[in-house]
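# Working through the structure, step by step
Chain residues, written in single-letter form:
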Amino acid sequence: MVSILSGIQGLVNLLFLVVVLGTLGISGLYAYKLRERYKNADFPWGKAIAIVGLEILIWIAFNIFFEIFKANWLWITIVGIVVIFFILKRKKRKYV
């Protein structure tokens, strides 16, 4: 099971890498087009770097969570199924 989870983690890490590099690439392309069209226009690099920083923090948080999940996958799965069961089976209130 751990090898399957490691494969999933590798694929998601590749996806995060593509997203970060795509954000940087599209930002660079947009900055070039903006500078080409409007000579005095500046691209908001601060906001672009903030977005990339947020993506990297989410990437790190995912890896930390997934390492915990790989170590305790059985218990986390059981608790998750029980929580989902209770959420789906709770009695719906009818408001008149």
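Below you will find a few notes about this structure. (Residues numbered from 1 in each chain as written. Predicted model: local features only at pLDDT ≥ 70, side-chain atom pairs only at ≥ 80, totals over all residues. Heavy atoms only, no water.)

## Quick look at the packing of aromatic side chains
- Going through the model one piece at a time under the given rule, you end up with eight aromatic pairs.
- Here Tyr-30 and Phe-43 contribute two aromatic rings whose centre-to-centre distance is 5.6 Å and whose plane-to-plane angle is 70°, an arrangement assigned as edge-to-face. In this pair, Tyr-30 is assigned in helix H1 (residues 2–37) and Phe-43 in the loop between H1 and helix H2 (45–71), connecting sequence segments 13 residues apart. (Phe/Tyr/Trp six-rings, centres within 6.5 Å; stacked < 30°, edge-to-face > 60°. Helix = DSSP H or I, 4+ residues; strand = E, 2+ residues; numbered from the N terminus.)

## Some details on a nonpolar patch on the surface
- The grouping of Leu-11, Leu-14, Leu-17, Val-18, Leu-21, Leu-24, Trp-45 and Ile-49 at the surface amounts to a nonpolar patch, some 770 Å² of accessible area in total.
- If you list the elements that add at least two residues to the nonpolar patch, you get H1 and H2.
- The element best represented in the nonpolar patch is H1, accounting for six residues.
- Its relative accessible area of 37% is what places Leu-17 among the partly exposed residues. (Patch = residues over 30% accessible without salt bridge, like charges linked within 9 Å, V, L, I, M, F, W, Y side chains within 5 Å. Areas by Shrake-Rupley, 256 points an atom, 1.4 Å probe, with all protein chains shown as cover. Salt bridge = Lys/Arg side-chain N within 4 Å of Asp/Glu carboxyl O. Buried < 20%, exposed > 50% of the residue type's maximum accessible area, 1.4 Å probe, protein only.)

## Let's talk about the environment of Asp-42
- Structurally, Asp-42 can be placed in the loop between H1 and H2.
- It is 12 Å that separates the C-alpha atoms of Asp-42 and Gly-28, two residues lying 14 residues apart in sequence.

## Focus: H1
- Over its 36 residues, H1 extends 52 Å from the first C-alpha to the last, a length consistent with the 52 Å expected when each residue adds 1.5 Å.
- Listed in full, the buried residues belonging to H1 are Leu-5, Gln-9, Phe-16, Val-20, Thr-23, Ser-27, Ala-31 and Leu-34.
- Where H1 is buried, its residues touch H2 and helix H3 (73–89). (Expected span 1.5 Å × (residues − 1). Contact = heavy atoms within 4.5 Å.)

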